[in-house]
Amino acid sequence: GEQVEQRPPHLSVREGDSAIIICTYTDSATAYFSWYKQEAGAGLQLLMSVLSNVDRKEEQGLTVLLNKKDKRLSLNLTAAHPGDSAVYFCAVSASSGSWQLIFGSGTQLTVMP
Amino acid sequence: GPKVLQIPSHQIIDMGQMVTLNCDPVSNHLYFYWYKQILGQQMEFLVNFYNGKVMEKSKLFKDQFSVERPDGSYFTLKIQPTALEDSAVYFCASSLGLPSQNTLYFGAGTRLSVL
C-alpha cells in the first residue's frame with residue numbers, strides 16, 4: 001500500500017526565513033495531496049490541497065510543489081513568522097474515490113523571532 | 001470557521017473496560033471519520049461512516065471497535081473491550097463529501113490512556 005515519508009521531523013527557522021517541508025510517496029496512482037497545520041491543543045487545519053494535474057499552487061505565503069516523477073510533495077512557507085509555529089502534516093489519497101487519507105509523520109516547525 | 005468538537009480531551013481507562021469517544025461534527029456534514037495516532041507515529045485512518053453505515057475501514061479497525069451516530073447526535077467510537085495497544089490520540093473528522101473534493105475538518109483529538 002501507499003507509504004508516505006515526511007522530513008524533517010523538526011525544523012527551526014528565524015522570522016522572515018523560508019521553511020521547506022518535504023513528503024515522498026510510493027504510489028504513482030496517488031491523486032490528491034494536501035497539507036495540514038496543527039497548533040497546540042487544536043485540530044488539524046487544511047492549508048492547501050492539490051490534485052495530481054497541478055504542479056504548483058501558491059496561496060497566502062504558502063507554495064505547494066508536486067513532482068510526480070520523483071513522487072515528492074513540498075510545502076514552502078516564505079517569510080515565516082512566529083504564528084506559523086506548529087506541526088505540519090502532509091496527507092495524500094490514493095484515488096479521487098478514496099475516503100482514506102495517508103498522513104506523513106509530521107514536522108514540528110518553530111519560528112524564532 | 002466550522003469546528004469539530006471532541007469530548008473528552010483525555011480519558012483514562014483500565015484495560016478490558018469499555019470506552020466511548022464522542023465527536024460533535026460540523027452540523028451540515030454527512031461524512032465522518034476516525035483516525036488514530038500513537039505517540040510519535042503517523043496518524044492512521046480507522047474508519048469512514050456515512051448514512052448510518054461504515055463505508056471503508058482499515059485493518060486497525062478491530063472487531064472490538066464500533067461506530068455510530070444515533071439520530072444525528074454525537075458520532076461515537078466505542079472500544080469494547082479496550083487493550084493496552086489502544087492507547088493513542090483519536091481524531092474525529094467530518095466533511096460534506098469525498099476528501100479529494102471537500103475539506104476535512106478535524107477535532108483536537110481525545111487522548112486515550114489504557115492502563
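So, here is what we can say about the structure in this document. (Residues numbered from 1 in each chain as written. Chains lettered and ligands numbered in written order. Predicted model: local features only at pLDDT ≥ 70, side-chain atom pairs only at ≥ 80, totals over all residues. Heavy atoms only, no water.)

**Concerning the overall build of chain B**
Along chain B, the regular secondary structure elements total 0 helices and 11 strands. Shown N-terminal to C-terminal, the secondary structure of chain B runs as helices and strands in the order β-β-β-β-β-β-β-β-β-β-β. Over its C-alpha trace chain B gives a radius of gyration of 13 Å, about what one expects of a compact globule, namely 13 Å for 115 residues. Summarising its shape, the C-alpha atoms of chain B cover approximately 40 × 25 × 25 Å along the three principal directions. Among the 115 residues that make up chain B, the fraction classed as buried is 47%. When contacts within chain B are restricted to residue pairs at least 6 apart in sequence, long-range pairs at least 24 apart make up 54% of them. In the structure as shown, chain B presents an accessible area of about 5700 Å², 50% of it carried by carbon and sulfur atoms. The centroid of the 9 positive side-chain charges in chain B is displaced by 4 Å from the centroid of its 9 negative side-chain charges. (Helix = DSSP H or I, 4+ residues; strand = E, 2+ residues; numbered from the N terminus. Rg over C-alpha atoms; globule rule 2.2 N^0.38 Å. Buried < 20%, exposed > 50% of the residue type's maximum accessible area, 1.4 Å probe, protein only. Contact = heavy atoms within 4.5 Å. Areas by Shrake-Rupley, 256 points an atom, 1.4 Å probe, with all protein chains shown as cover. Lys, Arg positive; Asp, Glu negative; His and termini not counted. Charge placed at Lys NZ, Arg CZ, Asp CG, Glu CD.)

**Brief notes about the interface of chain A and chain B**
Each side of the interface is counted separately: chain A has 20 residues, and chain B has 21 residues. The junction of chain A with chain B conceals about 1800 Å² of combined surface from both sides, 62% of it contributed by carbon and sulfur atoms. The interface formed by chain A and chain B holds 0 salt bridges in total. Where chain A touches chain B, the interface holds 4 residue pairs in polar contact (both at pLDDT 80 or more). (Buried area = accessible area lost by both parts, 1.4 Å probe. Salt bridge = Lys/Arg side-chain N within 4 Å of Asp/Glu carboxyl O. Polar contact = N/O pair within 3.5 Å; in protein donor to acceptor, adjacent residues only side chain to side chain.)

**Some points on the pattern of salt bridges**
Overall, the coordinates contain 7 salt bridges over all chains when judged by the stated rule. Of the charged contacts, one joins A:Asp70 and A:Arg72 as a salt bridge, the two residues approaching to 3.6 Å between their closest N and O atoms. Judged by its relative accessible area of 31%, A:Arg72 is partly exposed. B:Lys62 is the partner of B:Asp86 in a salt bridge, and the nearest nitrogen-oxygen pair spans 2.9 Å. A residue pair is termed long-range when its members are at least 10 positions apart, and B:Asp86 in the loop between β8 (75-79) and β9 (88-95) and B:Lys62 in the loop between β6 (53-57) and β7 (65-68) qualify at 24 residues. Judged by its relative accessible area of 0%, B:Asp86 falls in the buried class. Overall, the relative accessible area of 24% leaves B:Lys62 in the partly exposed class. Among the ionic contacts, a cluster of salt bridges with common partners joins A:Lys69, A:Asp70 and A:Arg72.

**Some details on the environment of A:Ser85**
Residue and element names in this part refer to chain A. Counting through the fold element by element, Ser85 comes out in the loop between β8 (72-77) and β9 (86-93). The spacing of Ser85 and Gln108 is 23 residues in sequence and 7.6 Å in space, taken between C-alpha atoms. Excluding its chain neighbours within four sequence positions, the residues that come into contact with Ser85 are Leu109, Thr110 and Val111. Here Val111 takes part through its backbone nitrogen, which lies 2.9 Å from a polar atom of the side chain of Ser85.

Nothing here speaks to function; it is geometry throughout.
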